[in-house]
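What the coordinates show
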2 protein chains.
Amino acid sequence: MISNKAKYAFRALLAIASQPEGEALTSAEIARTHSIPHKFLEQILLDLKKAGILDSRRGKSGGYVMLRPADTVSFGEVLRLFEGPLAPLPCLSRNAYRRCEDCVSEAACEIRREFGRAYDASRQVLDSRTLADALHNNPYGVEPGHEVRRAG
Amino acid sequence: MISNKAKYAFRALLAIASQPEGEALTSAEIARTHSIPHKFLEQILLDLKKAGILDSRRGKSGGYVMLRPADTVSFGEVLRLFEGPLAPLPCLSRNAYRRCEDCVSEAACEIRREFGRAYDASRQVLDSRTLADALHNNPYGVEPGHEVRRAG
DNA sequence: CATAATGTCTATCTAACTGGTAGGGATAAG
DNA sequence: CTTATCCCTACCAGTTAGATAGACATTATG
């Protein structure tokens, strides 16, 4: 199960990304319309800003807007931001690679091999599908080469 | 990342499943050869026994053997035993279904839709691959209908 | 029967994490 | 100057992870 924090982040991002270009949403508005604890949401939006996904305006008539276009923000990227590495084993993570303490051979490890298959399958979805795909309900797995579109 | 408990369980199961028919492995042997804390492993093996996957013999020359054949025990089943539901969202879990607190429509939920795709992909691997597949390094995705072999 | 080696069960402990809450401070509009 | 907003940090209660400990039950063997 993903954390509430991550789930809130997706709700907020989808709300912000579906605003008309340039129109900001305040944390209070998002919190109210999506039943998210306000101060908790503020932390989340701040994280998204620090990650370069959102931009913010302070003061009266402030709020949040997308900094990067919604079709460049993948589900995997957001999830990693709040959950850390998505790999089921440390030895399968690209960014947070760590060998298992008592590993003899990664190539021969059955657990690594099988979980690698599961991870590949999951990653192919999460790292290719973007906020824009979700909002437009874009079909999945139709166009060839969809695995690596704008969202890296 | 999966828990150490689950990882230890897979190590132990693969060790037991690769023993010659009828030959038991003791918790102490497994703990030593795989660098697993002995008492911790005992709890794990007990869980696997209670789940009907392993059988045990007590007393001198005791130990653990497979109760069900290795080609009927899927990775998903073992993982669920130690990690609980694998679904990324409660509303995607078959066994532990729960609607999101403030859900308006599951059919319209973009988050549910996208995570459903990721979960499907991952589940297709985990619920089809068995301990025997892992031990024999059986190829994956070759034979049609492999999704539902002996392991349900 | 005694002993030693095993599995079985339950309790306990510490550190980290989850899911918040709280209270300011900085900034900008009007 | 007031008010609404974002920004930042600290804190807290409950749960979970990852064990550790100790006693009890069962069985093979001498």
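The preceding data block contains the structure.
Right, let's walk through the structure included here. Since this is a predicted model, take the numbers as computed values, not measurements. Throughout, residues of each chain are indexed from 1 in the direction in which the sequence is written. Following the order in which they are written, the chains are lettered starting with A and the ligands numbered starting with 1. Whole-chain, interface and lining totals are the exception, using all residues; otherwise, since this is a predicted model, local features are given only for residues with pLDDT of at least 70 and side-chain atom pairs are given and counted only at 80 or more. With hydrogens and water excluded, all non-hydrogen atoms of the structure serve as input to the side-chain values.

**Describing the relation of the copies chain B and chain A**
Least-squares superposition aligns the copies on the C-alpha atoms of those residues with pLDDT at or above 70 in both. If you rotate chain B by 180 degrees and push it 0.0 Å along the axis, it lands on chain A with an RMSD of 0.1 Å. Each copy turns onto its partner about a two-fold axis. Only heavy atoms matter for contacts: two residues are in contact if any of them lie within 4.5 Å across the pair. Interface overlap between copies: 100% of the residues of chain B at the interface are likewise at the interface in chain A, consistent with a symmetric, same-surface contact.

**So, the pattern of salt bridges**
Salt bridges are defined by distance alone: a side-chain nitrogen of Lys or Arg within 4 Å of a carboxyl oxygen of Asp or Glu. For the coordinates displayed, the defined rule picks out 18 salt bridges over all chains. One salt bridge in this structure joins A:Arg129 and B:Glu114, with 2.7 Å as the shortest N-O distance. Of this pair, A:Arg129 sits in the loop between helix H5 (110-126) and helix H6 (131-136) while B:Glu114 sits in helix H5 (residues 110-126), on two different chains. Under the scheme applied here, a residue whose accessible area is under 20% of the maximum for its type counts as buried, over 50% as exposed, and between as partly exposed, the area being computed with a 1.4 Å probe on protein chains only. By relative accessible area, A:Arg129 is classed as buried at 2%. Note that B:Arg68 is salt-bridged to B:Glu77, the shortest N-O span being 2.7 Å. For B:Glu77, a relative accessible area of 27% corresponds to the partly exposed category. Each of A:Arg113, A:Glu114, A:Arg117 and B:Arg129 takes part in a single network of salt bridges with overlapping partners. Helix and strand definitions follow DSSP, with helices as H or I runs of at least four residues and strands as E runs of at least two, each counted in order from the N terminus.

**Here's the deal with the protein's contact with DNA strand D**
Working definition: residue near molecule or strand if any one of its non-hydrogen atoms lies within 4 Å of it. The environment of DNA strand D is made up of 26 residues, and the closest members are A:Ser27, A:Lys49, B:Lys39, B:Gln43 and B:Arg58. In DNA strand D, atoms within 4 Å of the protein come from the sugar-phosphate backbone in 70% of cases. Between N or O atoms, a polar contact is any pair within 3.5 Å; within protein, one atom must be a potential hydrogen donor and the other a potential acceptor, and residues adjacent in sequence are included only when both atoms are from side chains. B:Gln43 has a polar side-chain atom sitting 2.4 Å from a base oxygen of DNA strand D. Take B:Gly59: an N or O atom from its main chain is 3.5 Å from a base oxygen of DNA strand D. Listed by contribution, the elements that provide at least two residues to the surface near DNA strand D are helix H3 (38-50), strand E1 (54-57) and strand E2 (63-66) of chain A together with helix H1 (4-17) and helix H3 (38-50) of chain B. Residue contributions to the surface near DNA strand D peak at six residues, all from H3(A). In this classification, the charged set is Asp, Glu, Lys and Arg, the nonpolar set is Ala, Val, Leu, Ile, Met, Phe, Trp, Tyr, Cys and Pro, and all remaining amino acids, among them Gly, are polar. Along the lines of polarity and charge, the residues of the surface near DNA strand D split into five nonpolar, 11 polar and 10 charged.

**Quick notes on the protein's contact with DNA strand C**
Neighbouring residues of DNA strand C: 26 residues in total, closest A:Lys39, A:Gln43, A:Arg58, B:Ser27 and B:Lys49. If you look at DNA strand C and keep only atoms within 4 Å of the protein, 70% of those are sugar or phosphate atoms. Interatomic distance of 2.6 Å between a side-chain N/O atom of A:Lys39 and a base oxygen of DNA strand C. Separating a sugar or linking oxygen of DNA strand C from a side-chain N or O atom of B:Arg58 is a distance of 3.1 Å. It is H3(B) that provides the largest number of residues to the surface near DNA strand C, a total of six residues. Residue composition of the surface near DNA strand C, by class: five nonpolar, 11 polar and 10 charged.

**Quick word on the packing of aromatic side chains**
In summary, the pairing rule links any two rings of Phe, Tyr or Trp, Trp by its six-membered ring, whose centres are within 6.5 Å, and it sorts them by plane angle into stacked for under 30 degrees, edge-to-face for over 60 and tilted for everything else. Applying the stated criterion across every chain yields a total of eight aromatic pairs over all chains. Ring geometry for A:Phe75 and B:Phe115: centres 5.8 Å apart, planes at 75 degrees, overall edge-to-face. Of this pair, A:Phe75 sits in helix H4 (residues 75-83) while B:Phe115 is found in helix H5, placing the two residues in two different chains. According to the relative accessible area criterion, A:Phe75 is buried, its value standing at 0%.

**Some words on the interface of chain B and chain A**
In this complex, chain B contributes 37 residues to the contact, which on the side of chain A involves 37 residues. Summed over both partners, the interface of chain B with chain A comes to about 3200 Å²; 65% of that surface belongs to carbon and sulfur atoms. Applying the counting criterion to the chain B and chain A interface returns two salt bridges. In this structure, the connection of chain B to chain A is made through 10 residue pairs in polar contact (both at pLDDT 80 or more). Those elements that place two or more of their residues in the side of chain B that touches chain A are H1, helix H4 (75-83), H5 and helix H6 (131-136) of chain B. For the side of chain B that touches chain A, the leading source of residues is H5(B), giving 11 residues. Put simply, buried area is how much 1.4 Å-probe accessible surface two parts lose in total, over both of them, once they are put together.

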